Amino acid sequence: MKSKNLICLLIMLGLILPVFSLAQTENQVTPPETLDEAKQMGEKALEVGQKELPGIIERIWKEEVMPIWQKMFDWFKANIWPKIADWFKKFITPEIEKRKPVIEGEFQKEKQEMKESAQTELPKAWDYLWEKFKQLISTK
């Protein structure tokens with residue numbers, strides 16, 4: 001019987017106590033009555049925003065965003081990255097080693113072709129540029 005009365009009392013207090021917070025009149029924001037008053041409130045809000053917003057954003061970035069990202073990165077590094085590294089070592093590295101001689105041979109061929117094309121095409125390019133330069137000079 002006592003526990004039943006206690007529960008009823010707690011329920012009534014839970015319903016009545018929030019009403020007392022509505023009766024407080026301190027720091028109530030009232031809407032502006034004129035356009036000038038609204039303009040002044042807007043200007044004041046902009047000034048406060050310009051002064052305090054960079055600090056607020058920096059604080060949020062340092063205290064809330066970066067720690068979460070750091071935790072996500074640490075979790076990724078501990079749980080996912082080792083699997084990726086093992087897969088790379090297991091499948092990709094042997095394939096690279098197997099193809100390395102072929103790639104080096106192709107690289108040497110490409111290198112030789114570029115040297116030959118540079119020897120034949122570079123003089124043509126210089127001649128073309130020289131002719132354009134002469135045209136520019138002669139027209140002015």
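Residues numbered from 1 in each chain as written. Predicted model: local features only at pLDDT ≥ 70, side-chain atom pairs only at ≥ 80, totals over all residues. Heavy atoms only, no water.

Undergrad: Explain the overall build of the protein chain to me, please; I cannot follow it from the model alone.
TA: When helices and strands are tallied, the protein chain shows three helices and zero strands. Of the regular secondary structure in the protein chain, the N- to C-terminal order runs α-α-α. Every one of the 140 residues in the protein chain was classed for burial, and the buried ones make up 0%. Approximately 13,900 Å² of the protein chain is accessible, and the part contributed by carbon and sulfur atoms is 66%. (Helix = DSSP H or I, 4+ residues; strand = E, 2+ residues; numbered from the N terminus. Buried < 20%, exposed > 50% of the residue type's maximum accessible area, 1.4 Å probe, protein only. Areas by Shrake-Rupley, 256 points an atom, 1.4 Å probe, with all protein chains shown as cover.)

Undergrad: Any chance you could explain the pattern of salt bridges here in plain terms?
TA: Should the charged atoms of two oppositely charged side chains come close, the side chains can pair. All chains considered together, the criterion is met by six salt bridges. Residue Lys 98 is joined to Glu 95 by a salt bridge in which the shortest nitrogen-to-oxygen separation is 3.4 Å. Note that Lys 98 and Glu 95 are positioned in helix H3 (residues 81-139) at a spacing of three residues, about one turn of the helix. For Glu 95, a relative accessible area of 29% puts it in the partly exposed group. The salt bridge partner of Arg 99 is Glu 95, with a shortest N-O separation of 2.8 Å. Taken as a pair, Arg 99 and Glu 95 lie in helix H3 at a separation of four residues, close to a single helical turn. When salt bridges with common partners are traced through the structure, they connect Glu 95, Lys 98 and Arg 99 into a single cluster. (Salt bridge = Lys/Arg side-chain N within 4 Å of Asp/Glu carboxyl O.)

Undergrad: Would you mind showing me how to read the packing of aromatic side chains here?
TA: The geometry of two aromatic rings is summed up by the distance between their centres and the angle between their planes. Summed over all chains, the structure comprises four aromatic pairs. Centre to centre, the rings of Trp 61 and Trp 69 are 5.3 Å apart; their planes meet at 80 degrees, and the pair counts as edge-to-face. In this structure Trp 69 comes out as partly exposed when scored by relative accessible area, which is 46%. A centroid spacing of 6.5 Å and a plane angle of 45 degrees characterise the contact between Phe 76 and Trp 81, whose relative ring orientation is tilted. On the basis of relative accessibility, which here comes to 33%, the residue Phe 76 falls in the partly exposed class. (Phe/Tyr/Trp six-rings, centres within 6.5 Å; stacked < 30°, edge-to-face > 60°.)

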